[in-house]
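Descriptive analysis of the structure
Residues per chain, in single letters:
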Amino acid sequence: MAVGALLGLALQTTPATADSGDTVPGSAISEAAQDRAAGQWTAERMREATPVEDLLDIGSRAVERAGKAVPQGEKSKVLPSEATDAVTKALPEPGGPWSGGGDVVKTSGRVFFKMGDRDASCSGNAVTSDNGSTVMTAGHCVKYQGGWHTDWVFVPGYHDGEAPHGKWPASKTLTTAQWEASEDMNFDIGAAVVGPLDGKKLTDVVGGQGLSFNADYNTTMYAFGFPAADPYDGEKLIYCSGTSFQDFLLTKDHGLSCNMTGGSSGGPWFTEFDEASGKGLQASVNSFGYTFLPDTMFGPYFGEDAKKLYETAQAG
């Protein structure tokens, strides 16, 4: 079966492994490199950064075998900062500007980095963590085709070239063992630990969303991101919502009706999301789409490997 990816990645011919990696791959970033990254991302450069996906030779690829099961364990949750019990039921939204306000406006943001010699962008989200400095994103937003991205910064609350809560350079970027080994789409999950800014930690400034691991399929989900490819321009927070489903083709991902495009990769998917407060439990990230299945987004299942990635990042 020939497939491509809406977000510019192609499913790999290497099948997923059911074995969790013993270690979480990461790339440490020097203080000098962090300082350089913080200073280079001007409003103009951020506006002109190209979505990762638009930089790649997309095409279609023959997929020889579908992935094996993603390792799962007991359901577990990490509560968002100042958690709320109120939950609203999502009305279907295939893609539109988020006007609801709340914490998601501050915790979600754009990610900027150098991929080779090109300025590129993705999306990300600040989560509750022991170090107060953890950002969740997609695996291909930290490492792709054997190379770790450089000059990596997270800009929470980004809009129209502005960085209202600052630009946070990564001190370390991480991904799953399976993405590191073979860029297995089932494990397209990344994380970053960002350094302090003006003596404050990330979640002290913007708060942090909760997380949910080993959660159910076929449930109400909200997806957020900063799509920058047509018809979007990367300057506003866009969301989709509705009832998710399990990928019935080649991965074990969550699926959702959604028309977000390149640049939204790494943006958070939430369960138990409250529209009034903008708080929820992150259970996936925007990852890919099939070229023959338009207006549909897929995001990796947050199982035991995603949990291990998060725990390693929050300990950094």
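Take the overall build of the chain next. In terms of regular secondary structure, the chain is built from 7 helices and 22 strands. When the 316 residues of the chain are sorted by exposure, 59% land in the buried category. Considering only residue pairs separated by 6 or more positions, the chain has 78% of its internal contacts joining residues 24 or more positions apart. For the chain, the accessible surface area stands at approximately 12,000 Å², while carbon and sulfur atoms represent 47% of it.

This next bit is on the state of the cysteines. For the structure shown, the criterion picks out 2 disulfides. Here Cys240 is linked by a disulfide to Cys258, with a sulfur-sulfur distance of 2.0 Å. As the torsion about the S-S bond is roughly 65 degrees, the Cys240-Cys258 disulfide counts as right-handed. In this pair, Cys240 is assigned in strand E17 (residues 238-243) and Cys258 in the loop between strand E19 (254-257) and strand E20 (268-274), connecting sequence segments 18 residues apart. An identical accessibility class is assigned to Cys240 and Cys258; each is buried.

In this section: the environment of Asp305. Its location among the elements puts Asp305 in helix H7 (residues 304-314). Considering only alpha carbons, one finds Asp305 and Thr23, 282 residues apart in sequence, at a separation of 9.9 Å.

Next up on the list: the packing of aromatic side chains. If you walk through the whole model with that rule in mind, you get 21 aromatic pairs. With centroids separated by 5.4 Å and ring planes inclined at 25 degrees, the aromatic side chains of Phe270 and Phe273 adopt a geometry described as stacked. In terms of burial, Phe270 and Phe273 fall into one category: buried. Over the face of the ring belonging to Tyr158 we find Arg110, whose NZ or CZ atom lies 5.0 Å from the ring centre.

With that settled, consider the sheet that holds strand E22 (residues 296-299). Pairing in this open sheet of 3 strands is antiparallel, and the strands run E18-E19-E22 from one edge to the other. At either margin of the open sheet sits one strand with a lone partner, and together these are strand E18 (245-246) and E22. As paired strands, E19 and E22 are joined by 4 bridges and run antiparallel to one another. The residue bridging Ser257 from the neighbouring strand is Thr296, located in E22.

To continue, consider the confidence of the model for the chain. In the predicted model, the chain carries a mean pLDDT of 85, and the fraction of residues at 70 or more is 84%. Averaged pLDDT values over the elements of the chain bottom out at 31 in strand E4 (residues 61-62) and peak at 98 in strand E9 (residues 134-137). In the predicted structure, residues 1-19 sits below a pLDDT of 50 and forms 87 contacts with residues beyond four places in sequence or in another chain. This stretch, residues 54-67, has a pLDDT under 50; its non-local contacts, to residues over four places away or in other chains, come to 39 contacts.

Enumeration over the complete set of coordinates arrives at 7 salt bridges. Close ionic contact of Asp151 with Arg36 constitutes a salt bridge, the shortest N to O distance being 3.0 Å. You can see Asp151 sitting in strand E12 (residues 150-156) and its partner Arg36 sitting in helix H1 (residues 31-40), a full 115 residues away along the chain. Take Arg36: its relative accessible area is 47%, and that puts it in the partly exposed class. Two residues, Arg45 and Asp119, come together in a salt bridge whose shortest N-O distance is 2.8 Å. Taken together, the residues span a long stretch of sequence, with Arg45 in helix H2 (residues 43-48) and Asp119 in strand E8 (residues 118-127) at a distance of 74 residues.

Moving on, we get to the pairing of strand E13 (residues 168-175). Burial analysis of E13 places 6 of its 8 residues in the buried class, which makes it a mostly covered element. Pairing geometry for strand E2 (residues 26-28) and E13, over 3 bridges, is antiparallel. Opposite Ser27, over in E13, you have Thr173 as the bridge partner. Summarising the sheet, E13 and strand E14 (residues 190-194) pair through 5 bridges and their orientation is antiparallel. The residue bridging Thr173 from the neighbouring strand is Ala192, located in E14.

Scoring rules and cut-offs
- Residues numbered from 1 in each chain as written.
- Predicted model: local features only at pLDDT ≥ 70, side-chain atom pairs only at ≥ 80, totals over all residues.
- Heavy atoms only, no water.
- Helix = DSSP H or I, 4+ residues; strand = E, 2+ residues; numbered from the N terminus.
- Buried < 20%, exposed > 50% of the residue type's maximum accessible area, 1.4 Å probe, protein only.
- Contact = heavy atoms within 4.5 Å.
- Areas by Shrake-Rupley, 256 points an atom, 1.4 Å probe, with all protein chains shown as cover.
- Disulfide = S-S within 2.5 Å.
- Phe/Tyr/Trp six-rings, centres within 6.5 Å; stacked < 30°, edge-to-face > 60°.
- Lys NZ or Arg CZ within 6 Å of the ring centre and 35° of its normal.
- Pairing = 2+ DSSP bridges.
- pLDDT = per-residue confidence, 0-100.
- Salt bridge = Lys/Arg side-chain N within 4 Å of Asp/Glu carboxyl O.

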